[in-house]
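# Report on the structure
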Amino acid sequence: MKTSIATVCLSGSLRDKLAAASAAGFDGVEVFEPDLVAAPESPEEIRALADRLSLTLDLYQPMRDVEGVDEAEFARVLHRAEAKFALMQRLGMDLVLCCSNVATATVDDDGHSAAQLRALGDVAARYGVRIAFEALAWGRYIDDYRRAWRVVKLADHPAVGVCLDSFHVLSRGHDPVEIERIPAEKIFFLQLADAPALSMDVLSWSRHHRLFPGEGAFDLVGFVAHVLRAGYRGPLSLEVFNDTFRQTDTARTAAHARRSLRWLEDAVARRLAEDAPGADAVAAPPLSRLTAVTPPRGFDFVEITAEDTSPIEALLQQAGFTARGRHRTKPVTLWSAGTARIVLNEQHARGTAPRLSAIGFAVDDPAAQSARAQELDTPAAYRRTYAEEVPLPAVVAPDGTELYWAGYTEGEPDWVVEFEHGDPLRPTEIGVVDHLSLTEPWQVVDETVLFYPAVFALVSAGSTDVPSPRGLVQSRVLCSPDGAVRIPLNVAPPIVAEQGRADGAHQHVALRCHDIVALARQARDRGLRPLRIPANYYDDLAARFDLPAAQIAELRDLDLVYDRDATGEYLHFYTATVGQVFFEFVERRGAYDGYGAGNAPVRLAAQGVE
Ligand code: MG
Ligand code: MG
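## Focus on the packing of helix H4 (residues 71-91) against helix H5 (residues 110-126)
The interhelical angle for the contact between H4 and H5, taken along N-to-C directions, is 25°, at an axis separation of 10 Å. With respect to their mutual orientation, H4 and H5 come out roughly parallel. The chirality of how H4 crosses H5 is right-handed. Along its contact with H4, which presents Phe-74, Val-77, Leu-78, Ala-81, Glu-82 and Phe-85, the element H5 presents Gln-116, Ala-119, Leu-120, Val-123, Ala-124 and Arg-126.

Dropping the structure here:
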């Protein structure tokens, strides 16, 4: 379908915004009035610029407080409208957003508002303009799309229809099903925004926290399905007021926004097909599709890059990893334990302290994965590969982590043979990579939450806040539905990110083992020094759980931390941090599905005094 974006979603000048929207592949834009008022270009110049960029100017917005007013105020509304409609003619625009009155309304009556919209419609029609009336969630009297439609129906004017905005409907918990009763020709425009589940006043929620589709808690897919079932075939337009996106790079945000609509169109097409299998394909809305992929089967490898990887090698060796050899042509070594593979890369790493630089996923269909990444306009990662090496496709995640994928094979992947002169894999307690925890700069986390589900079909599984000595760390988990791939994202407190503090930028690789007590003892015997956990923690543990004293003593002795819920138990310990990276070893007992979030503050504090 045709796609559009409100200029208010982006940072920069109006000229920058138009260029970025066009480059990202949008068909049109909504012109946010303050952007035009502040622009040095004349309306005619903006019109010509949009033309050159092949952008349509879809909606002029907003025109406020036009109905529900007394006679004297309505005379002023008409005066203002004439000026705006004349301006729209200069821009070559024919659709204006009028939102429900929040400030000047004194008459709470549908017939009164309808009569004023009808009169406004007469004026608009003289200028070739149509009015899309939107119920704001905080409108003084009209704050529900169903009432806005009632008023538009009463106005009964060809130049007056409704604008549906997902935020105003879903933030109030209004059931969107009644959208299907609005005749298609009366839905003049559709604005889309997601949002996190917050409990705060709707105005602040809307002005600061809107998100692109797929990043929040709203069922945007279901919402759009209702609108399309009503017969709407106009643009899918993004209207996202967000403090972060208004200060981040214009071109990048535009590309991110466009990706959200690519994801949404595909998800809506699938929802419509599921809800009505065998429906008439000719009447179906022209939604663009993505190549289908299944979530990764697991982690193929984790790569850590550093100028000197030997401190990491020492940790891996102590943990029971086997050195599997050096790459035939590059300063890269492979370490493995069970099916966990860690690649240590010293290539192009001058001055780099150890950091988690790449993740490999084992996927069912690498060709489909590549096609989908391309359809989503995902930035590709380029690495030099040599003749006779297994080519690995890759993209760059919003935080710069490179993501590779390879076909899933039983046993070891094909690329392992490129590593030579290693030792035979020895038995170990370690089975598999359990999770990779990434610290995200605050300005990319929303983009990341869309990125992994859109590209790799991971799902977003909730959010928690973890106190650290340097600020609150917001933690969000992306995972495959079967839990084979788990990526907790930690949002660094802004001050930590700005100062580049080591205790804010940690990433960790968690390895799942069969018997954590055995592993902890073996690792200690090989010289591993776990992160020291304070004695207070174990006193608290004894108070919280009815664990035998001997078990508490064992946990304390091995610096193991413990969690339990109704489904099972979680035991884990951590290594010291090297550069930005540390390792965690975990044992999941029963069906425990979490990450020991309750232990994270203790760990963060212990790392602070390391
Ligand atoms: Mg709106
Ligand atoms: Mg962890």
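Moving on from the model shown.
## A few points about the sheet that holds strand S5 (residues 130-134)
The strands that make up a sheet are held in pairs by hydrogen bonds between backbone atoms, and each pair lies either parallel or antiparallel. Taking strand neighbours around the barrel as the criterion, the eight strands line up as S1-S2-S3-S4-S5-S6-S7-S8 in a closed arrangement whose pairing is parallel. Taking the axes of each pair of neighbouring strands and ignoring which way they run, one obtains an average angle of 30° across the sheet. Bridging between strand S1 (residues 3-6) and strand S2 (residues 28-32) involves three bridges; their strand directions are parallel. Bridge assignment links Ser-4 to a residue of S2, and that residue is Gly-28. Together, S5 and strand S6 (160-165) form the strand contacts of helix H6 (residues 145-155), whose direction differs from that of S6 by roughly 170°.

## Looking at the coordination of the magnesium ion (ligand 2)
Within the first shell, the magnesium ion (ligand 2) binds the protein through His-435 (NE2), His-508 (NE2) and Glu-584 (OE), at distances of 2.1 to 2.3 Å. Between the donor residues of the magnesium ion (ligand 2), the gaps in sequence give the motif H-x72-H-x75-E. Taken together, the positions of His-508 in strand S21 (residues 507-513) and Glu-584 in strand S24 (residues 581-590) put the pair 76 residues apart, joining distant regions of the chain.

## Considerations on the sheet that holds strand S10 (residues 322-327)
Read across the open sheet, the eight strands follow the order S14-S15-S13-S9-S12-S11-S10-S16; overall the sheet is mixed. With one partner strand each, in any of the chains shown, strand S14 (394-396) and strand S16 (419-421) form the two edges of the open sheet. The sheet shows a mean angle of 30° between the axes of neighbouring strands, direction not considered. Relative to strand S15 (residues 402-407), strand S13 (residues 355-363) runs parallel, the two sharing six bridges. The residue bridging Phe-361 from the neighbouring strand is Trp-405, located in S15. Where helix H13 (residues 445-456) meets the sheet, it contacts S13, S14 and S15, and its direction lies at approximately 20° from that of S15.

## A few points about the coordination of the magnesium ion (ligand 1)
Summarising the metal site, the magnesium ion (ligand 1) is bound by the protein donors Glu-134 (OE), Asp-165 (OD), Gln-191 (OE1) and Glu-239 (OE), whose distances to it range over 2.1 to 2.2 Å. Of the residues examined, Gln-191 reaches a relative accessible area of 0% and is grouped as buried. Residue classification places Glu-239 among the buried positions, given a relative accessible area of 3%.

## Some points on the packing of aromatic side chains
The final tally for this structure, using the stated rule, is 19 aromatic pairs. Relative to Tyr-538, the ring of Tyr-537 lies with its centre 5.0 Å away and its plane at 90°, an arrangement referred to as edge-to-face. By relative accessible area, Tyr-537 is classed as buried at 5%. Residue Tyr-538 is classed as buried on the basis of its relative accessible area of 1%. An aromatic cluster is built from Phe-299, Phe-361, Trp-405, Phe-451, Tyr-452 and Phe-456, whose rings are joined through pairwise contacts. Just above the ring of Phe-26 sits the side chain of Arg-258; from NZ or CZ to the centre is 5.8 Å.

## Section: helix H1 (residues 14-24)
All of the buried residues in H1 are Leu-14, Lys-17, Leu-18, Ala-20, Ala-21 and Ala-24. All buried residues of H1 fall inside an arc of 165° around its axis, so they share one side. The elements touched by buried residues of H1 are S1, S2, helix H2 (33-37), helix H3 (43-52) and helix H10 (250-275). A positive phi of about 100° marks Gly-25, the residue just after H1.

## Focus: the domain arrangement of the protein chain
Split into domains, the protein chain comes out as domain 1 (3-275) and domain 2 (298-609). Centre-to-centre, using C-alpha coordinates, domain 1 lies 43 Å away from domain 2. Residue-level contacts link 15 residues of domain 1 with 17 residues of domain 2. When residues of domain 1 are sorted by the area they lose upon contact with domain 2, Glu-215, Arg-252 and Arg-259 head the list and together hold 43% of the total. On the surface where domain 1 and domain 2 come into contact, there are three salt bridges. The salt bridge partner of Glu-447 is Arg-252, with a shortest N-O separation of 3.2 Å. Across the contact surface, domain 1 and domain 2 share five residue pairs in polar contact (both at pLDDT 80 or more).

## Quick word on the state of the cysteines
Covalent bonding between the sulfur atoms of two cysteines is what defines a disulfide. As enumerated under the stated definition, the model contains zero disulfides in all. Among the cysteines around Cys-9, which has no disulfide bond, Cys-163 carries the closest sulfur, lying 13 Å off. No disulfide involves Cys-99; its sulfur sits 7.4 Å from that of Cys-98, the nearest cysteine.

## Concerning the pattern of salt bridges
Within this structure, the stated rule accounts for 38 salt bridges. A salt bridge links Glu-73 to Arg-76, with the nearest nitrogen and oxygen atoms 2.9 Å apart. One end of the pair, Glu-73, and the other, Arg-76, are both in helix H4, three residues apart, so they sit about a helical turn from each other. Accessibility expressed as a relative area gives 18% for Glu-73, which makes it buried. Notably, a salt bridge pairs Arg-147 with Asp-108, separated by 2.8 Å at the nearest N-O pair. Placement of the pair is Arg-147 in helix H6 and Asp-108 in the loop between strand S4 (95-99) and H5, with a sequence separation of 39 residues. For Arg-147, a relative accessible area of 16% corresponds to the buried category. Note on Asp-108: relative accessible area 46%, which makes it partly exposed.

## Some thoughts on the layout of surface pockets
In this structure, the largest pocket spans a volume of roughly 1,300 Å³. Forming the walls of the largest pocket are 49 residues, and the residues nearest its centre are Leu-211, Glu-215, Gly-216, Val-449 and Arg-476. Going through the elements one at a time, helix H8 (202-209), helix H9 (220-229), H10, H13, strand S18 (459-468) and strand S19 (471-479) are the ones with two or more residues in the lining of the largest pocket. Counting residues per element, the lining of the largest pocket draws most heavily on H10, which supplies six residues. Looking at the lining of the largest pocket, its residues break down into 27 nonpolar, ten polar and twelve charged.

## Digging into the pairing of strand S11 (residues 332-337)
Judged by how many residues are buried, S11 sits mostly within the fold: six of six residues are covered. Across the two faces of S11 the burial is the same, with Val-332, Leu-334 and Ser-336 and Thr-333, Trp-335 and Ala-337 all buried. As defined by bridge partners, S10 adjoins S11 across four bridges and the pair is classed as antiparallel. When the bridges of S11 are listed, Gly-325 appears paired with Leu-334. As consecutive antiparallel partners, S10 and S11 are separated by four residues. For S11 and strand S12 (residues 340-345), the ladder comprises six bridges, and the chain directions are antiparallel. Looking across to S12, one finds that Ser-336 is bridged to Arg-341.

Criteria and cut-off values
- Residues numbered from 1 in each chain as written.
- Chains lettered and ligands numbered in written order.
- Predicted model: local features only at pLDDT ≥ 70, side-chain atom pairs only at ≥ 80, totals over all residues.
- Heavy atoms only, no water.
- Axes fitted to C-alpha atoms, helices over the stretch in contact; angles between N-to-C directions.
- Helix = DSSP H or I, 4+ residues; strand = E, 2+ residues; numbered from the N terminus.
- Parallel < 35°, antiparallel > 145°, perpendicular 65-115°, else oblique.
- Left-handed = near helix turned anticlockwise from the far one by under 90°.
- Contact = heavy atoms within 4.5 Å.
- Pairing = 2+ DSSP bridges.
- Donors = N, O, S within 2.8 Å, 3.2 Å for Na, K, Ca; no water.
- Buried < 20%, exposed > 50% of the residue type's maximum accessible area, 1.4 Å probe, protein only.
- Phe/Tyr/Trp six-rings, centres within 6.5 Å; stacked < 30°, edge-to-face > 60°.
- Lys NZ or Arg CZ within 6 Å of the ring centre and 35° of its normal.
- Arc of directions from axis to C-beta.
- Domains from an automatic or database assignment.
- Buried area = accessible area lost by both parts, 1.4 Å probe.
- Salt bridge = Lys/Arg side-chain N within 4 Å of Asp/Glu carboxyl O.
- Polar contact = N/O pair within 3.5 Å; in protein donor to acceptor, adjacent residues only side chain to side chain.
- Disulfide = S-S within 2.5 Å.
- 1 Å grid on protein atoms, 1.4 Å probe; cavity = no way out; pocket = protein on both sides within 12 Å on 5 of 7 lines; lining within 4 Å.
- Points joined across faces, edges and corners; volume = space filled by probe spheres on them.
- Nonpolar A, V, L, I, M, F, W, Y, C, P; charged D, E, K, R; others polar.

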